[in-house]
Amino acid sequence: MNLRVLKLELADTLRLSVPIVIAQLGVVLMGVTDNLFVGRLLGAVPLGAAGLANSLSFLVSSIGIGGLSVIAAMVSRAAGQGNEQGINQLFRASLRVALLFSLVFGGLSAIVGLNFHWFGQTPEVTQMGREFTLILSVSTLPLLLFTATRQLADGLRQPRVTMTITMLALAINALFNYLLITGYGPFPELGLNGSALATLISRIFMAVAMLAYVYRSHRFRPFLQAAYAHLPTKTQVTEIMRLGLPGGLTFFFEIAAFSIASVMVGWLGAAELGAHQIALNMASTTYMIATGISTAGAIRVGNAVGLGDRLRVRQAGLAAFVLATAFMTVCALVFFTANDYLVGLYIKDNPTVAGMAASLVIVAGFFQLSDGIQVVGIGTLRGLSDVNVPTWITLFAYWVLSLPVGYLLAFTFEMKAVGVWLGLLIGLTTAAIFLTIRFFRLANRYRVTASDPVVAPATVS
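Read on for an overview of the structure. (Residues numbered from 1 in each chain as written. Predicted model: local features only at pLDDT ≥ 70, side-chain atom pairs only at ≥ 80, totals over all residues. Heavy atoms only, no water.)

## Quick look at the overall build of the protein
Phase 1: For the protein, the count of helices and strands is 16 helices and 0 strands.
Phase 2: Projected onto its principal axes, the C-alpha positions of the protein cover 60 × 50 × 35 Å.
Phase 3: Evaluated residue by residue, the protein yields a buried proportion of 60% over its 461 residues.
Phase 4: Within the protein, contacts between residues at least 6 apart in sequence are counted, and of these 81% link residues at least 24 apart.
Phase 5: Total accessible area on the protein is roughly 17,700 Å²; 67% of this is exposed by carbon and sulfur atoms.
Phase 6: Distance between charge centroids for the protein: 13 Å, based on 28 positive and 18 negative side chains. (Helix = DSSP H or I, 4+ residues; strand = E, 2+ residues; numbered from the N terminus. Buried < 20%, exposed > 50% of the residue type's maximum accessible area, 1.4 Å probe, protein only. Contact = heavy atoms within 4.5 Å. Areas by Shrake-Rupley, 256 points an atom, 1.4 Å probe, with all protein chains shown as cover. Lys, Arg positive; Asp, Glu negative; His and termini not counted. Charge placed at Lys NZ, Arg CZ, Asp CG, Glu CD.)

## With respect to the side chain of Ser137
Phase 1: Following the sequence through the fold, Ser137 ends up in helix α5 (residues 123–138).
Phase 2: Here Leu134 takes part through its backbone oxygen, which lies 2.6 Å from a polar atom of the side chain of Ser137.
Phase 3: Apart from residues no more than four positions distant in its own chain, Ser137 is found in contact with Gly106, Ser109 and Ala110. (Polar contact = N/O pair within 3.5 Å; in protein donor to acceptor, adjacent residues only side chain to side chain.)

## Description of the side chain of Thr140
Phase 1: You can see Thr140 is positioned in helix α6 (residues 140–155).
Phase 2: Ignoring sequence-local partners within four residues, the contact set of Thr140 consists of Ser61, Ser102, Phe105 and Gly106.

## Let's talk about the packing of helix α11 (residues 310–337) against helix α13 (residues 351–366)
Phase 1: The contact between α11 and α13 brings their axes to 8 Å, and the two run at 160 degrees. As the angle between them shows, α11 and α13 are arranged roughly antiparallel. Every pair of crossing elements has a handedness; the one defined by α11 and α13 is left-handed. Between α11 and α13, the residues in contact are Ala332, Phe335 and Phe336 and Val361, Ile362, Ala364, Gly365 and Phe366, respectively. (Axes fitted to C-alpha atoms, helices over the stretch in contact; angles between N-to-C directions. Parallel < 35°, antiparallel > 145°, perpendicular 65-115°, else oblique. Left-handed = near helix turned anticlockwise from the far one by under 90°.)

## Considerations on the pattern of salt bridges
Phase 1: Counted according to the given criterion, the structure contains 7 salt bridges.
Phase 2: One salt bridge in this structure joins Asp154 and Arg150, with 3.1 Å as the shortest N-O distance. Of this pair, Asp154 and Arg150 both sit in helix α6, separated by 4 residues, roughly a single helical turn. For the pair Asp154 and Arg150, one class covers both residues: buried. (Salt bridge = Lys/Arg side-chain N within 4 Å of Asp/Glu carboxyl O.)

## Let's talk about the environment of Ser259
Phase 1: Its place among the elements puts Ser259 in helix α9 (residues 234–268).
Phase 2: Ser259 sits in the buried class, given a relative accessible area of 1%.
Phase 3: In this structure, the C-alpha to C-alpha distance between Ser259 and Ser55, residues 204 residues apart in sequence, is 5.5 Å.
Phase 4: Discounting residues that sit within four places of it in the chain, Ser259 has contacts with Ser55, Leu56 and Leu59.

## Some remarks on the packing of aromatic side chains
Phase 1: What the rule picks out here adds up to 15 aromatic pairs.
Phase 2: Both rings, one in Phe58 and one in Phe251, keep their centres 6.0 Å apart while their planes meet at 90 degrees; by these two values the pair is edge-to-face. Here the residue Phe58 occupies a position in helix α2 (residues 44–68), and Phe251 occupies one in helix α9, the gap between them amounting to 193 residues.
Phase 3: Classification of Phe58 as partly exposed rests on a relative accessible area of 26%.
Phase 4: An angle of 80 degrees between the planes, with centres 5.1 Å apart, marks the rings of Phe439 and Phe440 as edge-to-face.
Phase 5: Given a relative accessible area of 0%, Phe439 falls into the buried group.
Phase 6: Grouped by ring-pair contacts, the aromatic residues Phe258, Phe367 and Trp421 constitute a single cluster. (Phe/Tyr/Trp six-rings, centres within 6.5 Å; stacked < 30°, edge-to-face > 60°.)

## Quick notes on unusual backbone geometry
Phase 1: Positioned with a positive phi, Arg157 is a non-glycine residue whose angle comes to about 60 degrees.
Phase 2: Position of Arg157 relative to the elements: it lies in the loop between α6 and α7 (160–181).
Phase 3: The phi angle at Ser385 is positive, at roughly 60 degrees, despite the residue not being glycine.
Phase 4: Locating Ser385 in the fold gives a position in the loop between α14 (368–383) and α15 (388–412).

## Remarks on the environment of Thr391
Phase 1: Within the secondary structure, Thr391 is located in helix α15.
Phase 2: Thr391 sits 145 residues away from Pro246 along the chain, and the two C-alpha atoms are 6.1 Å apart.

In short, shape yes, function no, at least from these values alone.
The structure is reproduced here in structure tokens:
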């Protein structure tokens, strides 16, 4: 690819990425907002409990979120084929799958909340975390309905609606955190549970607003015609499940590694857990921005497949990798040079926790590049409908390498929380290398048939 073509590909990826990135940033900033309010108003122990509860609740939902994320690339591929009817069937199928996932993963989240003692935390953290998780389990339904509906908008290159709704929800979340944690006017003082209720309220708003916009906007009217309502969706539901469950497991294995890391750090003490959650919140923010670039890459690769353009498949993927590499390099530099300042935004009057958190942010700076590249690898492979091999890659990287090495460094070599984070660095770097190789190997040998409903990659020996 010559430099001019690369610039054009980067520009198009950037245009699509920016609103998706802002929407992703809004989602993760809800967690940041929760932690800022909890840390400053309630202290380090509630901060650790909220962070662990959020991690475990999101872990349970991650298979559903990751599973639904394959739909944007499927919609983009159908758009490349000019298949309005297929887009309608995909959208209705996605809502059905979201309802099914909500029942399964919402129920599992409630089970986790009722059995929070499984994770070996202090009694105070266990009690607070149990109630927080139970409230979050109720929010699984609106979260997954929102996720399913946004796939239609993102796949049709209309991500600004998602961005707008998410930023409004962020403001709603901040408002209700303030009103419900300390109590204001007619609102009761609910402490930590007030933060969980703020998350529930904001997620309900997101789902209702997203569905209302899609059904009322003229932009989506061609794909929601009454004439399509009688069309069956069984095939599309099956296809979403076939591609989505491995895709969801890929997402799960990484999120689970970070959640189990939180549990291991919690074994070291409440102060270590609070420091870990501060650093994890920062790393999650940059990661979610990288997932926006990854989503844009998946959409553009999927569209290229739908158009039957083999060269454009590789170009779209390369542009996403370049953009993520540039962004995460900047993030790494910020983490290296401003770690003390960033930690100070979360906690005050606790130099022990702040010092530990600042050290972890340095480690997070080292794995920024690996984190961005591996998530783009997952996204671009999703655009090629390649979901099974990435699942095995992430299973190996995070569960065979990352967690055992992190445990060994933390407890055998007594590196404590820093050891856990070094294990995460090893896992992310391994995943980044293998996923990148996988994408370019497939892209270089890809057989494109634009008429195929789902285009499978060529067999690679």
